[in-house]
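Each chain, letter by letter, is given below.
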Amino acid sequence: MIVKPSQRLICQVIKRLNEIDIRDDELSFLLGKPNNYVFSFIIKPSDKNRFNEDQLDLLPFLLQFPFSKIIVNGTKDANIQLHHTKAIDEDGYKGFSHIIYSEKGEGTRIIWKKKNAPKGSTRKTNRPLLELLKTWIEQSYFDRQVNALEIFKRLKAESSIKFRVSDIESA
């Protein structure tokens, strides 16, 4: 299997998500993929909802990180060859596992996984955020089609409410 995005890009994005405490599903939501994970293309490169190059322009804003740190100067343009790729669906975890082989034939297994939400759990509603969104409804903000990214940008610019991206989705 050959995947176009640079391994370096993927590693930088995952590292930055951890630093700013945004989960990959939250990033996916902001990119308009509420039911997919931004890195699902690693498991299913043919997935029509996969991350694509058009969305690269959004990463510096969403990650609060300059392009020069996402795509480091001198990073060679190349394909990543992933072998033995499989989804991880262990008790309480989901993710993926694959092997990358060096030019010398040495394999490195890459495993990425995260905990599933407990069955039957629900997200707690962020009340201040919900009230602000209700005010925006009264002000006719949602009379036109508005995506999650636009809501996120406006919240960041105009509000001091503390929230997670997933709070927007649940509210």
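Residues numbered from 1 in each chain as written. Predicted model: local features only at pLDDT ≥ 70, side-chain atom pairs only at ≥ 80, totals over all residues. Heavy atoms only, no water.

Chemist: Looking at this structure, I do not really get the overall build of the protein. What am I missing?
Modeler: From N to C terminus, the protein includes seven helices and five strands. In sequence order, the secondary structure elements of the protein are arranged as β-α-α-α-α-β-β-β-β-α-α-α. Every one of the 171 residues in the protein was classed for burial, and the buried ones make up 37%. Taking all contacts inside the protein whose residues are at least 6 apart in sequence as the whole, residues at least 24 apart take part in 52%. Element-wise, carbon and sulfur atoms account for 48% of the exposed surface of the protein, whose accessible area totals about 11,300 Å². (Helix = DSSP H or I, 4+ residues; strand = E, 2+ residues; numbered from the N terminus. Buried < 20%, exposed > 50% of the residue type's maximum accessible area, 1.4 Å probe, protein only. Contact = heavy atoms within 4.5 Å. Areas by Shrake-Rupley, 256 points an atom, 1.4 Å probe, with all protein chains shown as cover.)

Chemist: What is the right way to read the environment of alanine 87 from this model?
Modeler: Structurally, alanine 87 can be placed in strand β3 (residues 83-88). The spatial distance from the C-alpha of alanine 87 to the C-alpha of tryptophan 112 is 9.6 Å, given a sequence separation of 25 residues.

Chemist: Is there a simple way to explain the pairing of strand β5 (residues 107-115) in this structure?
Modeler: Note that strand β4 (residues 93-101) and β5 share nine bridges and pair antiparallel. By the bridge assignment for β5, phenylalanine 96 is matched with tryptophan 112. Connecting the antiparallel pair β4 and β5 is a turn made up of five residues, with glycine 105 showing a positive phi of about 90°. (Pairing = 2+ DSSP bridges.)

Chemist: Looking at this structure, I do not really get the side chain of aspartate 167. What am I missing?
Modeler: Relative to the helices and strands, aspartate 167 resides in helix α7 (residues 165-170). The buried charged residue aspartate 167 lacks any salt bridge partner; its closest oppositely charged side chain belongs to arginine 164, at an N-O distance of 6.2 Å. Every residue in contact with aspartate 167, bar those within four places of it in the chain, is listed here: Lys124, Asn126 and Leu129. (Lys, Arg positive; Asp, Glu negative; His and termini not counted. Salt bridge = Lys/Arg side-chain N within 4 Å of Asp/Glu carboxyl O.)

Chemist: Whenever I open this one, helix α6 (residues 148-158) confuses me. Can you help?
Modeler: For an α-helix, the turn length of 3.6 residues means that residues three or four places apart are oriented alike. Burial in α6 covers these residues: Ala148, Leu149, Ile151, Phe152, Arg154 and Leu155. Measuring from the backbone nitrogen of leucine 149 back to the side-chain oxygen at the start of α6 gives 3.1 Å, which picks out asparagine 147 as the cap. (Polar contact = N/O pair within 3.5 Å; in protein donor to acceptor, adjacent residues only side chain to side chain.)

Chemist: Would you mind showing me how to read the packing of aromatic side chains here?
Modeler: Here the distance between the centres and the angle between the planes together describe a pair of aromatic rings. Scanning the entire structure with this criterion turns up four aromatic pairs. Pairing phenylalanine 61 with phenylalanine 152 gives two aromatic rings, centres 6.1 Å apart and planes at 80°, and the pair type is edge-to-face. In this pair, phenylalanine 61 sits in helix α3 (residues 59-63) while phenylalanine 152 sits in helix α6, placing the two residues 91 residues apart along the sequence. The buried category is assigned to phenylalanine 152, whose relative accessible area is 3%. Here the aromatic residues Phe61, Phe152 and Phe163 are joined through ring pairs into a cluster of three or more. We note lysine 153 situated over the ring of phenylalanine 61; from NZ or CZ to the ring centre the distance is 5.7 Å. In this structure, arginine 154 packs its charged tip against the face of tyrosine 141, placed 4.4 Å from the ring centre. (Phe/Tyr/Trp six-rings, centres within 6.5 Å; stacked < 30°, edge-to-face > 60°. Lys NZ or Arg CZ within 6 Å of the ring centre and 35° of its normal.)

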